[in-house]
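Architecture at a glance
Spelled out from the first residue to the last, the chains are:
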Amino acid sequence: MSDSNLQLRSLITANGELQLSLRQAKIPEPAADEVVIKVLASPINPSDLGLLLGPADLSTAQAGGTADSPTITAKISPDLMKGMAARIDQAMTVGNEGAGVVVKAGADAQKLVGKTVAALGGGMYAQYRLVKAAACLVLPEGTTPAEGASCFINPLTALSMVETMRRENHTALVHTAAASNLGQMLNKICQKDGVPLVNIVRNTEQAATLRKLGAKYICDSTSANFMAELTDAVADTGATLAFDAISGGKLANQILIAMEAAINRKQTTYNRYGSPVHKQVYTYGVLDTRPIEIDRSNVGMAWGVGGWLLTYFLEKIGPQATQQLRARIVAELKTTFASHYTAEISLIEALQPDVIRAYNRRATGEKYLINPNKGF
C-alpha cells in the first residue's frame with residue numbers, strides 16, 4: 001500500500017472565497033472493526049456538488065497551483081455567505097460514496113482484505129479511505145468498482161421513494177427530472193413492483209430516453225399542453241405523491257393543481273375547501289434555486305410541500321428495513337441499479353476549470369466518476 005493519500009478538499013474562507021485543492025493526508029491504522037479502502041471509483045452526485053462547490057460563482061473561478069497540485073478559487077456573493085457560517089475556514093473532504101478494494105483491515109475485519117466493496121461514508125474523493133467494516137457493502141464476484149460506485153445514494157433514494165409512498169398510504173408517484181440516472185432507476189423499480197409512475201421531463205430527448213425503458217406516462221414540461229397531459233396522467237394513475245428534484249419556481253404548484261383537478265373529476269358534490277384527499281410534494285433536489293411558488297387557489301386545503309432527505313428517512317425506518325433495501329440493491333446491481341457514466345476523471349482532472357464546468361452542468365444523462373488513483 002502506498003504512503004501517498006491524496007485528498008480533494010473544499011474550503012470557504014471568511015472573506016467569501018471558495019478554495020479547492022489537493023492535500024496529502026496520513027492513512028490511519030485501522031482499529032479492530034475498521035478497514036482501509038483503496039478508492040477506485042466515486043461518483044459526482046448533486047449532493048456532492050453542494051459541498052464541493054457551495055454557492056460559489058463559477059464565472060469567477062481561477063485556476064492556480066501546479067500541474068501536479070492544481071487549485072481553484074472562486075468568489076461567493078456576500079448574500080450567500082450567511083448559510084456558510086458553520087463551514088468557514090474548514091478544509092472539508094468531499095465524496096459521499098464510492099467503491100474500491102480493501103487493502104488493510106483491523107483484527108475483526110480480516111475477511112474483507114482483497115474484497116471489492118462499496119461504502120457510504122463521505123470523504124471518498126481520496127486515494128484511500130478508512131471506514132467501519134459495517135459500513136462496507138461487499139460487491140458480488142465479478143463486479144468492478146465502477147459498477148458498484150453508485151450503489152448507495154441513487155439506488156437507496158429510488159427505493160426509499162417507493163417505500164415512502166407505501167408507508168404514507170399513496171398508490172402512485174410523480175417524479176421530476178425523471179430521465180436522470182436516479183429517474184431511470186425509479187422507472188425500473190416501479191415497473192418491477194407494479195407502481196404507476198408519472199415522469200416529468202424537460203425536453204423530447206429525455207422523453208425518448210424513458211420510452212426506451214418502457215415508461216408509460218411521460219409529460220414534457222415545455223409542451224404547450226403540459227398541464228392537460230399531466231392532469232390526464234395523474235388521473236389515470238391516481239398519483240397523490242410527488243418527488244421533485246427541481247424545487248424552485250412553479251412546478252410543485254403545477255403538480256398539486258393537476259392532482260386536485262384529477263381528483264375532482266371523480267367528485268359528485270361541491271366542497272368549497274376542495275378535495276379532502278391529501279396531496280404531497282417532497283422536494284429532494286435544488287436544480288432551480290428560485291423560491292417555490294404556490295398559488296393556493298386551485299389546490300384545495302389538503303396538500304403539503306416539504307423537504308425529503310434520504311439520510312433522515314433511513315434513520316426513521318431503522319437498520320433492519322435499511323438492510324432489506326441494501327440487499328435488493330446487491331441482487332439487482334447490474335440490472336435495475338446499473339449506472340452509466342459520461343467520463344472517468346482523476347483528482348487532478350476534477351480541478352480543471354473546463355471539467356468543473358462540465359460536471360457542474362448537472363445535465364440529465366451526464367454523470368461523472370472520479371477515480372482517485374487514476375494516473376498514480
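Remarks on the overall build of the protein chain
Scanning the protein chain from terminus to terminus reveals 9 helices and 20 strands. In terms of overall size, the protein chain behaves like a compact globule, its C-alpha atoms giving a radius of gyration of 22 Å where 376 residues would be expected to give roughly 21 Å. Considered along the principal axes of its C-alpha atoms, the protein chain spans approximately 75 × 50 × 35 Å.

Details of the sheet that holds strand E2 (residues 17-24)
Strand order in the open sheet made by the 5 strands is E4-E5-E2-E1-E6, with antiparallel pairing throughout. On the outer flanks of this sheet lie strand E4 (57-65) and strand E6 (92-93), each paired with one strand and no other. Bridge count for strand E1 (residues 6-12) against E6 is 2 bridges, and the pairing is antiparallel. Bridge assignment links Ser10 to a residue of E6, and that residue is Met92. Most of the contacts of helix H1 (residues 46-53) go to E2, to which it runs at about 100°, and overall it touches E1, E2, E4 and E6.

A closer look at the sheet that holds strand E11 (residues 173-176)
The 6 strands lie next to each other as E13-E12-E11-E14-E16-E18, forming an open sheet whose pairing is parallel. At either end of the open sheet lies a strand with only one pairing partner, and these are strand E13 (217-220) and strand E18 (303-307). Across this sheet, the average inter-strand angle for adjacent strands is 20°, counted without regard to direction. Strand direction decides the pairing type here: E11 and strand E12 (residues 197-201), joined by 4 bridges, are parallel. Counterpart to Thr176 in the pairing with E12 is Ile200. The sheet contacts of helix H7 (residues 251-264) involve E11, E12, strand E14 (241-244), strand E16 (279-283) and E18, and relative to E16 the element is tilted by about 160°.

Examining the pattern of salt bridges
What the rule picks out here adds up to 12 salt bridges. Ionic pairing is found between Asp33 and Lys132, a salt bridge with its closest N-O pair at 3.1 Å. Here Lys132 lies in strand E9 (residues 128-132) and Asp33 lies in the loop between E2 and strand E3 (34-43), a separation of 99 residues in the sequence. Residue Lys132 is classed as partly exposed on the basis of its relative accessible area of 42%. Asp288 is paired through a salt bridge with Arg290; the nearest N and O atoms lie 2.6 Å apart. Classification of Asp288 as buried rests on a relative accessible area of 17%. Members of the salt-bridge network, linked through shared partners, are Arg166, Asp193, Arg328 and Glu332.

Brief notes about the packing of helix H3 (residues 153-167) against helix H4 (residues 181-193)
Where H3 contacts H4, the two axes come as close as 9 Å, and the packing angle between them is 45°. Viewed along their axes, H3 and H4 adopt a mutual orientation that is oblique. Our pair here, H3 against H4, has a crossing hand that is right-handed. Along the contact surface, H3 presents Asn154, Pro155, Thr157, Ala158, Leu159, Met161, Val162 and Arg166, while H4 presents Asn181, Leu182, Met185, Leu186, Ile189, Cys190 and Asp193. Partitioning the contact of H3 with H4 into residue classes produces 10 nonpolar, 3 polar and 2 charged.

A short note on empty space enclosed by the protein
Rolling a probe over the atoms, with the probe sized like a water molecule, indicates the empty space that remains. One pass over the full model with this rule turns up 1 cavity of 30 Å³ or more. Looking at the largest cavity, its volume works out to about 50 Å³. Lining the largest cavity, in full, are Leu58, Ala61, Ile72, Pro353, Ile356 and Arg357. Going through the elements one at a time, E4 and helix H9 (353-359) are the ones with two or more residues in the lining of the largest cavity.

Considering the nonpolar core
Grouped together as the largest cluster of nonpolar side chains are 36 residues, with contacts concentrated most on Cys151, Val162, Leu173 and Leu186. Those elements giving two or more residues to this core turn out to be H3, H4, E14 and helix H8 (310-331). Looking at which element gives the most residues to this core, the answer is H8, with 7 residues. Setting aside chain neighbours within four positions, we find Leu186 in contact with Ala158, Met161, Val162, Leu173, His175 and Leu197. Core analysis: the next-biggest nonpolar cluster, separate from the first, contains 29 residues, Ile12, Leu18, Leu351 and Tyr368 among them.

Considering the side chain of Ser42
Following the sequence through the fold, Ser42 ends up in strand E3. Among the polar contacts made by the side chain of Ser42, one reaches the main-chain carbonyl oxygen of Glu97 at a distance of 2.5 Å. When near neighbours in sequence (up to four residues on either side) are disregarded, Ser42 contacts Gly95, Glu97, Gly98, Met124, Tyr125, Ala149, Tyr368, Leu369 and Ile370.

Quick look at the state of the cysteines
The tally for this structure, following the rule as stated, stands at 0 disulfides. Just so you know, Cys136 is unpaired, no disulfide at all, and the nearest cysteine sulfur is the one on Cys151, 11 Å from it. The thiol sulfur of Cys190 is not disulfide-bonded, and the nearest other cysteine sulfur, from Cys219, lies at 15 Å. Take Cys190: its relative accessible area is 3%, and that puts it in the buried class.

Comments concerning the pairing of E14
Residue alternation in E14 divides its side chains into two sets, Leu241 and Phe243 and Ala242 and Asp244, and both sets are buried. Two elements, E14 and E16, share 4 bridges in a ladder whose sense is parallel. By the bridge assignment, Phe243 is partnered in E16 with Tyr282.

What counts and how
Residues numbered from 1 in each chain as written. Predicted model: local features only at pLDDT ≥ 70, side-chain atom pairs only at ≥ 80, totals over all residues. Heavy atoms only, no water. Helix = DSSP H or I, 4+ residues; strand = E, 2+ residues; numbered from the N terminus. Rg over C-alpha atoms; globule rule 2.2 N^0.38 Å. Pairing = 2+ DSSP bridges. Contact = heavy atoms within 4.5 Å. Axes fitted to C-alpha atoms, helices over the stretch in contact; angles between N-to-C directions. Salt bridge = Lys/Arg side-chain N within 4 Å of Asp/Glu carboxyl O. Buried < 20%, exposed > 50% of the residue type's maximum accessible area, 1.4 Å probe, protein only. Parallel < 35°, antiparallel > 145°, perpendicular 65-115°, else oblique. Left-handed = near helix turned anticlockwise from the far one by under 90°. Nonpolar A, V, L, I, M, F, W, Y, C, P; charged D, E, K, R; others polar. 1 Å grid on protein atoms, 1.4 Å probe; cavity = no way out; pocket = protein on both sides within 12 Å on 5 of 7 lines; lining within 4 Å. Points joined across faces, edges and corners; volume = space filled by probe spheres on them. Core = buried A, V, L, I, M, F, W, Y, C linked by side-chain atoms within 4.5 Å. Polar contact = N/O pair within 3.5 Å; in protein donor to acceptor, adjacent residues only side chain to side chain. Disulfide = S-S within 2.5 Å.

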